[in-house]
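Examining the three-dimensional arrangement
Listed below, chain by chain, are the residues.
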Amino acid sequence: MAKSWYIVHTYTGYEQKIERTIRKLLEENKIDPQVVGDVRVPMRNIIVDTGSGKTRKQSDKVLPGYIMIEMDLPQIGWKTTCSAIRAIEGVTGFVGTKPLERPRPISNDEAKNILQLCGEIKGDKLPSRQNFDIDDNVKITEGPFATFTGVVEEVNTEKNKLRVNVQIFGRVTPVEVDMTQVEKV
C-alpha cells in the first residue's frame, strides 16, 4: 500500500505537543518508522496589523485541533500503530472512524489543498512518490511535451524535477519536467 495522509483530531492547543510526541516515539522505535512517514501541524504564515500602522508575520493553524500524519498502514498490524497514536495524551482519534476501526485516509486532493494552504507545495500536484534513476525510460503525461517518451538524464529530488532526453524533429533534446508529469515505461 502507498503512503496516504490521515487526519488526527486533538485537543485544541495540543497540536505541536502531539507532533513532538509522535516524532519522539518514532526516534525511540515505539512507532514503526516504516509505517509513519511524516507528521505535520498544518500552519500558514499570515500578516497581522498591530494597530499602530505596523504589520508583523504570524503563524496560524490551518486546521486548529487537527494534525496530519502520512502513513503506509499495513493490512495486518495497523492496530499497533494506531493504538500508540490514540494513546497519546490530547489525541481524541482519527477523523472519520470509530476507535476500533481502521482509519481512512483523506483523498490526494484534500491533502494537496491543505498542503497548498500551508505553502508546502506549489502547483496542482502532490510531490511525486515515484523514484526515478538516470537512464530510466519514461513517458511524459502532461504539459507541452505530453505523449513524448525519453530517457532520464538527470534527477533533482530537491526540486522534484527531471531532465529527460526526448526526440523532437529527429534530434535528441533535453527537457526539464516535473516528476508528477512523467511515468515509468
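Higher on the page you've got the structure.
Let me begin by describing the structure that accompanies this report. For clarity, every value in this text was computed on a predicted model and none was experimentally measured.

It is worth spelling out the nonpolar core at this point. Within soluble globular proteins, side chains that are nonpolar generally end up buried alongside one another. If you look at the biggest cluster of nonpolar residues, it comprises 21 residues, and the most contacted ones within it are Ile22, Val36, Ile67, Ile69, Met71 and Ile85. Of all the secondary-structure elements, those providing two or more residues to this core are β1 (4–10), α1 (15–27), β2 (36–40), β5 (66–71), α2 (78–86) and β6 (91–94). Top element by residues in this core is α1. It accounts for four residues. Not counting residues up to four positions away in its chain, the partners in contact with Val36 are Lys3, Leu26, Ile31, Ile69, Glu70, Met71 and Thr81. Phe132, Val138, Val152 and Ile168 belong to the second-largest nonpolar core, a separate cluster that totals 12 residues.

Turning next to unusual backbone geometry. Even without being glycine, Asn29 reaches a positive phi, approximately 60°. Here Asn29 lies in the loop between α1 and β2. At Asp135, a position not held by glycine, the phi torsion is positive, near 80°. Tracing the backbone through its elements, the reader meets Asp135 in the loop between α3 (108–117) and β7 (137–140). Using a relative accessible area of 59% as the deciding quantity, one classes Asp135 as exposed.

Taking strand neighbours across the sheet as the criterion, the five strands line up as β10-β9-β8-β7-β11 in an open arrangement whose pairing is antiparallel. The sheet is open, and its two edges are formed by β10 (171–178) and β11 (182–184), each paired on a single side. For this sheet, the mean inter-axis angle between neighbouring strands, taken without regard to orientation, is 40°. The sheet contact formed by β7 and β11 spans three bridges and is antiparallel. Directly across from Lys139, in β11, lies its bridge partner Glu183.

Rules of the game
Residues numbered from 1 in each chain as written. Predicted model: local features only at pLDDT ≥ 70, side-chain atom pairs only at ≥ 80, totals over all residues. Heavy atoms only, no water. Core = buried A, V, L, I, M, F, W, Y, C linked by side-chain atoms within 4.5 Å. Buried < 20%, exposed > 50% of the residue type's maximum accessible area, 1.4 Å probe, protein only. Helix = DSSP H or I, 4+ residues; strand = E, 2+ residues; numbered from the N terminus. Contact = heavy atoms within 4.5 Å. Pairing = 2+ DSSP bridges. Axes fitted to C-alpha atoms, helices over the stretch in contact; angles between N-to-C directions.

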